[in-house]
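These are the residues of each chain, in order.
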Amino acid sequence: MTSSPTRAQTWLDLPADTGFGLANLPYGVYSTPGTGPRTGVAIGDRVLDLAAATGDDVHATGTLNAFMARGPRSWTALRAQLTDWFTDPVHRGAIEPHLVPRGQVTMHLPIEVADYVDFYSSQHHAENLGRMFRPDSAALTPNWKHLPIGYHGRAGTVQVSGTSVVRPCGQRKAPTDDAPTFGPSQRLDIEAEVGFVVGVGSDLGTAVPVGRFTEHVFGVCLVNDWSARDLQSWEYVPLGPFLGKSFLTSVAPWVVPLAALEAARVTPPPRDVALLPYLDDSDQPWGLDIRMEIRLNGELISCPPFADMYWTPAQQLAHMTVNGASLRTGDLYASGTVSGPGEDQRGSFIELSWGGKEPLTLADGTTRTFLDDGDVVTITATAPGADGTRMAFGEVTGRIEPAR
Ligand code: MN
């Protein structure tokens, strides 16, 4: 016999099937017409004003950075405090006045982003792109199963969900063109990803091993790494992505604490080459059963499974620092496009439309290869919570605006 997980009782009247129950308690930064940007915790359809509830000014700074920098003991203590407040009715009178309906708040970028790194850790995504771009070679490059491939991105253009996506202009040259041309991207795409937020920095010259992941990483947020494929394919050899990616990266406003994800941990797919010792994660795997959904203009078009990712965030962190590169509070690193084996599990339009050759037909009868002006893309996700509920990650959304 198995016992079903018990759900802690709360005095709050939570909506049925809320993704923001007691098991989740994600952090964000919000404002209202009457209050400046401050830290909030989502619970049901409301937000707890943490600055007011705790009396701690660290939650009135307008970013999570100063709180994250305090480290895991503080993170654990506040999470325990929140759980106590929301479960023991004795606290209702003191806490309830600091709950604000989420419909009344404006969400802001939750962290001041220090450095931004983007990986390429889905084998299915890497193989799909390899097959499209290098049809005469092996789908994976020789290094792919030996190290998590990544690049350093542009921290200053990471913005909160809802920020308009102005179609980027740049150079593009198709293989059949004689010369490059300049103009608005004609192959504007998404990359559905999961991001990891560093709370505690590290010393220059000192690597952070796989086993120290939870001492440095605070939480998880959804990421859309908007990508201009025509700009990217012309510029990327030999130094990697540049202007085809740096015009905008969108993140969800809610950071789900790593502590909320214990029940979502899974073993990553089997590795079929031996890993160098610094990447060995066999005694503490950090695969995560996060199920993502991508909607175009409200229509569900793909469900990428994060559990299929070949490289875990703990391995990515170890690799990113193995040369002695230091971490800073507010560093953000993203997983790379999440794609599963199925055609309805692909995390980008370049895969969903197979390089533009197989357009998607939408419910309204229109077709898409890449994004049109006016299109709205929304990425959401859920993961199992410790109490048997499914936790939500909020959403990362953006509307394509015409080139300027
Ligand atoms: Mn990416």
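Residues numbered from 1 in each chain as written. Predicted model: local features only at pLDDT ≥ 70, side-chain atom pairs only at ≥ 80, totals over all residues. Heavy atoms only, no water.

A closer look at the overall build of the chain
Point 1. Helix and strand counts for the chain stand at 10 helices and 26 strands.
Point 2. Against the 2.2 N^0.38 benchmark of 22 Å for 404 residues, the chain shows a C-alpha radius of gyration of 21 Å, consistent with a compact globule.
Point 3. Its C-alpha atoms put the chain at 75 × 50 × 50 Å along the principal axes.
Point 4. Counting every position in the chain, which comprises 404 residues, the buried fraction comes to 52%. (Helix = DSSP H or I, 4+ residues; strand = E, 2+ residues; numbered from the N terminus. Rg over C-alpha atoms; globule rule 2.2 N^0.38 Å. Buried < 20%, exposed > 50% of the residue type's maximum accessible area, 1.4 Å probe, protein only.)

Observations regarding the sheet that holds strand E26 (residues 390-401)
In a beta sheet, neighbouring strands are held together by backbone hydrogen bonds and run either parallel or antiparallel to one another.
Point 1. The sheet built from 5 strands is open, its strands ordered E9-E26-E25-E20-E21 with mixed pairing. The sheet is open, and its two borders are formed by strand E9 (165-166) and strand E21 (299-302), each paired with just one other strand. (Pairing = 2+ DSSP bridges.)

What to know about the pattern of salt bridges
Point 1. Inspection of every chain in the model, using the stated rule, returns 19 salt bridges.
Point 2. Between Lys245 and Glu191 there is a salt bridge whose closest N-O contact spans 2.8 Å. One end of the pair, Lys245, is in helix H8 (residues 243-246); the other, Glu191, is in the loop between strand E12 (188-189) and strand E13 (192-198), with 54 residues separating them in the sequence. An identical accessibility class is assigned to Lys245 and Glu191; each is buried.
Point 3. Ionic pairing is found between Arg271 and Asp281, a salt bridge with its closest N-O pair at 2.8 Å. A residue pair is termed long-range when its members are at least 10 positions apart, and Arg271 in the loop between strand E18 (265-266) and strand E19 (287-288) and Asp281 in the loop between E18 and E19 qualify at 10 residues.
Point 4. Classification of Arg271 as partly exposed rests on a relative accessible area of 21%.
Point 5. Residue classification places Asp281 among the buried positions, given a relative accessible area of 3%. (Salt bridge = Lys/Arg side-chain N within 4 Å of Asp/Glu carboxyl O.)

Some points on the coordination of the manganese ion
Point 1. In the first shell of the manganese ion, the protein supplies Asp118 (OD), Glu191 (OE), Glu193 (OE) and Asp225 (OD), at 2.1 Å from the metal.
Point 2. Along the chain, the residues donating to the manganese ion fall in the pattern D-x72-E-x1-E-x31-D. Placement of Glu193 in strand E13 and of Asp225 in the loop between strand E14 (217-224) and strand E15 (227-228) is noted, with a sequence separation of 32 residues between them. As far as the burial class goes, Glu193 and Asp225 line up, both buried. (Donors = N, O, S within 2.8 Å, 3.2 Å for Na, K, Ca; no water.)

Looking at the domain arrangement of the chain
Point 1. As assigned here, the chain comprises domain 1 (27-108) and domain 2 (116-401).
Point 2. The distance between the C-alpha centroids of domain 1 and domain 2 comes to 29 Å.
Point 3. Counting residues at the interface gives 19 residues for domain 1 and 18 residues for domain 2.
Point 4. Across the domain 1 to domain 2 interface the summed buried area is about 1,300 Å²; carbon plus sulfur atoms make up 76%.
Point 5. It is Tyr27, Met68 and Trp75 in domain 1 that bury the most area against domain 2; as a group they hold 42% of the surface buried on that side.
Point 6. At the junction of domain 1 and domain 2, the tally comes to 1 residue pair in polar contact (both at pLDDT 80 or more).
Point 7. Mapped by element, the contributors of at least two residues to the side of domain 1 that touches domain 2 are strand E1 (27-32), strand E2 (35-43), helix H2 (65-68), helix H3 (72-87) and strand E5 (106-108).
Point 8. Looking at side-chain class alone, the side of domain 1 that touches domain 2 contains 12 nonpolar, 5 polar and 2 charged residues. (Domains from an automatic or database assignment. Contact = heavy atoms within 4.5 Å. Buried area = accessible area lost by both parts, 1.4 Å probe. Polar contact = N/O pair within 3.5 Å; in protein donor to acceptor, adjacent residues only side chain to side chain. Nonpolar A, V, L, I, M, F, W, Y, C, P; charged D, E, K, R; others polar.)

What about H3?
One turn of the α-helix equals 3.6 residues, which is why residues spaced by three or four share an orientation.
Point 1. Look at H3: 22 Å from first C-alpha to last across 16 residues, which is about the 22 Å you get at 1.5 Å a residue.
Point 2. Inspection of H3 places Trp75, Leu78, Arg79, Leu82, Trp85 and Phe86 among the buried residues, and these make up the whole buried set. Looking straight down H3, one finds that the buried residues subtend no more than 125° of arc, so they occupy a single side. Among the exposed residues of H3, those pointing more than 90 degrees away from its buried face are Arg73 and Thr76. (Expected span 1.5 Å × (residues − 1). Arc of directions from axis to C-beta.)

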